[in-house]
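A closer look at the structure
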Amino acid sequence: MASLTKRKNASPQKSSGNNNNKNPTQTVASKKKQKQKKLHGLAAQDMTRSKIRNKLFLAVIIYILAGAGFLYWRGVSTSSELPPEVENEILDSYPQDVKHIEMPKNLKKPSGAGPAIEEKTQMNSNEKMSKTAPKSDKGPEKQEKNDDFQVHIQNSIKPQPMSATKQWKEIKYSKNSTASHVRIFTMDDFLSPHECDGLMKAHASHVKQHSQHHPIICFSGETTMKEYLKHFKISWVNKVSENDFTEGTYCLNETLSSKLDGKLLWSKSTSFYPGESPFSTRYSEQVEKYTGLDQRNGGKFQVTSYPENVGYKLHTDCTIENPDTRDRYATILVYLNDVVKGGETEFTELGIKIKPKKGKALLWNNMDTEGHCDVMSHHQAASVKIGKKYILQRWYYYQNFPALGLRTPAPKLPLRSHELTPRVSCDRYDSGSCRWYDEWNYDHLIDYRKMHL
Ligand SMILES: O=C(O)CCC(=O)C(=O)O
Ligand SMILES: [Fe+2]
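Residues numbered from 1 in each chain as written. Chains lettered and ligands numbered in written order. Predicted model: local features only at pLDDT ≥ 70, side-chain atom pairs only at ≥ 80, totals over all residues. Heavy atoms only, no water.

A closer look at the sheet that holds strand S6 (residues 312-315)
Pairing is antiparallel across the open sheet formed by four strands, whose spatial order is S6-S12-S9-S10. Looking along the sheet, the strands with just one partner apiece sit at the ends: S6 and strand S10 (352-354). The average angle at which neighbouring strand axes cross in this sheet is 10°, direction not considered. (Pairing = 2+ DSSP bridges. Helix = DSSP H or I, 4+ residues; strand = E, 2+ residues; numbered from the N terminus. Axes fitted to C-alpha atoms, helices over the stretch in contact; angles between N-to-C directions.)

Let's talk about the nonpolar core
With 32 residues, the main nonpolar core has Trp168, Phe190, Leu191, Tyr283, Ile332, Leu336 and Leu392 as its most contacted residues. Secondary structure elements with two or more residues in this core: strand S2 (184-187), helix H7 (193-209), helix H10 (278-291), strand S5 (298-306), strand S7 (328-335), strand S11 (361-365) and strand S14 (389-397). Look past the residues within four positions of Ile332 in its chain and what remains in contact with it is Trp168, Phe190, Tyr283, Val287, Thr291, Ala361, Leu362, Leu363, Leu392, Gln393, Arg394 and Tyr396. Counting 21 residues, the second largest nonpolar core, distinct from the first, contains Tyr228, Leu229, Val237 and Leu256. (Core = buried A, V, L, I, M, F, W, Y, C linked by side-chain atoms within 4.5 Å. Buried < 20%, exposed > 50% of the residue type's maximum accessible area, 1.4 Å probe, protein only. Contact = heavy atoms within 4.5 Å.)

Points about the coordination of the iron ion (ligand 2)
All of the protein donors around the iron ion (ligand 2) are His315 (NE2), Asp317 (OD) and His379 (NE2); their distances to the metal are 2.1 to 2.2 Å. In terms of primary sequence, the donors binding the iron ion (ligand 2) are separated according to H-x1-D-x61-H. Taken individually, His315 and Asp317 each receive the classification buried, so the pair is uniform in this respect. (Donors = N, O, S within 2.8 Å, 3.2 Å for Na, K, Ca; no water.)

Quick notes on unusual backbone geometry
Phi angles above zero are rare outside glycine, and Asn176 is one such case at about 55°. The topology assignment puts Asn176 in the loop between strand S1 (169-170) and S2. Under the relative-accessibility criterion, Asn176 is labelled partly exposed at 34%. Not every positive phi belongs to a glycine, and Glu321 is a case in point at roughly 65°. Looking at where Glu321 falls in the secondary structure, it is placed in the loop between S6 and S7.

Let's talk about the pairing of S2
One face of the sheet, then the other: side chains in a regular strand alternate in exactly this way. Side chains Ile184 and Thr186 of S2 all project onto a buried face; the interleaved residues Phe185 and Met187 project onto the opposite face, where all are buried too. In this structure, S1 lies alongside S2, joined through two bridges in antiparallel fashion. Each residue of the ladder has a partner; that of Glu170, found in S2, is Phe185. Pairing of S2 with S11 involves four bridges; the strand directions are antiparallel. Considered in S11, the bridge of Phe185 is made with Leu363.

So, the state of the cysteines
Under the criterion given, the structure shown has three disulfides. What pairs with Cys318 in a disulfide is Cys373, and their sulfur atoms sit 2.0 Å apart. With the S-S dihedral at roughly 75°, the linkage between Cys318 and Cys373 falls on the right-handed side. Taken together, the residues Cys318 in the loop between S6 and S7 and Cys373 in the loop between S11 and strand S12 (379-381) connect sequence positions 55 residues apart. A single burial state applies to Cys318 and to Cys373, both of which are buried. Along the chain, the cysteines that take part in disulfide bonds pair up as 1-2, 3-4, 5-6, counted in sequence order. (Disulfide = S-S within 2.5 Å.)

Regarding the sheet that holds S11
The pairing of strands in a sheet happens through backbone hydrogen bonds and is either parallel or antiparallel. Reading across the sheet, the 10 strands line up as S1-S2-S11-S7-S14-S5-S4-S16-S15-S3 and stay open at both edges, with mixed pairing between neighbours. Both outer strands of the open sheet, S1 and strand S3 (216-219), are each paired with one neighbouring strand and no more. Pairing between strand S4 (residues 267-272) and S5: five bridges, direction antiparallel. Looking at S5, one finds that Ser269 is bridged to Thr304.

This is how it looks when you write it as structure tokens:
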């Protein structure tokens, strides 16, 4: 109350209203003074205004220049166009099993584009490799064309303790112990809570950025599409035909895809690549030091989130009976959060079940020392029952290839009306699940850089 009264008395309006009691000379002098003061005040006001105007002008110029600089930088750093020779080299070096996948019947070659485009489109709708390899007699001989590329083989895991308290624990099988070459290790606190939070935040912000448009939904074939639609009780399943796929792909057109949004369930993956953030470099080095997995054989870094009632069906990360050794030798997965219920990683052949725990790493080999995919590495992500699950995964290849760990060019097919349209890939119904991907474009590179992990 006291301070309120004080402020009232100090008000300029109140003091000027008390001038009636003063004598005339004083009044003339004080009026003159007031006039001078006013003029002075006006001049000062004018100066302040012009100073503000100048500052504003300068700020606008800086803003325009910064904006232009940012746009230029984005244009340079995220351009989706790769020179054709680089693009061809990348496509040439894809593992054979990815190239030899079933092609849609209605495929028409886009004019001026070679088979590379179709393979690329298919590659994107077959993110997960199927359990058995399509028959191919071709090995990885294409690599020999790249003179400056050193083939590097990775056929063992060499786990090392990180500190006295951070040690790998080998998980014992409860069945099939003699038939398997697979070794499974876990280490608590492989990543700090801060790193886990940063990755989840980057993932969430990127998912949000790409969720303004309905995803285009792709299947590994027509039968697969029908199986999924039946599973999710889509009443119009029998009306859908191969004509509803966009040309050259197994992706439903935008209209039908949008009708499935909210009806099908899926996990969501965003990816970043080696060298794209301080974290990716640090993490590659950390993994190499404490697991023996050579960073030259590592692919992209994939952050995946699972909502309730979503998991990933039983599968192998490598392709069984694949003659090509450019395949996923080992997997390192880090749980980024605790899951209230469900979401375990289960190795069904070995009777092993790992419960997600924030920061905990799970490391295993999928192939033997000769580069054969081991059936005993079959695993699944159990459905999340309560909560949400986040993981960071990276696959390390038995034999590397030039395109490994490089961001691939965005495919021209299927046609998309928005640059940020995401895709959902539903892989083989018996050994896959639906997963949402961000990788039509390169923008999230900026997100991951921003995180300063
Ligand atoms: O989420 C998990 O626990 C396993 C995921 C997995 O196996 C995969 O994405 O390949
Ligand atoms: Fe897997």
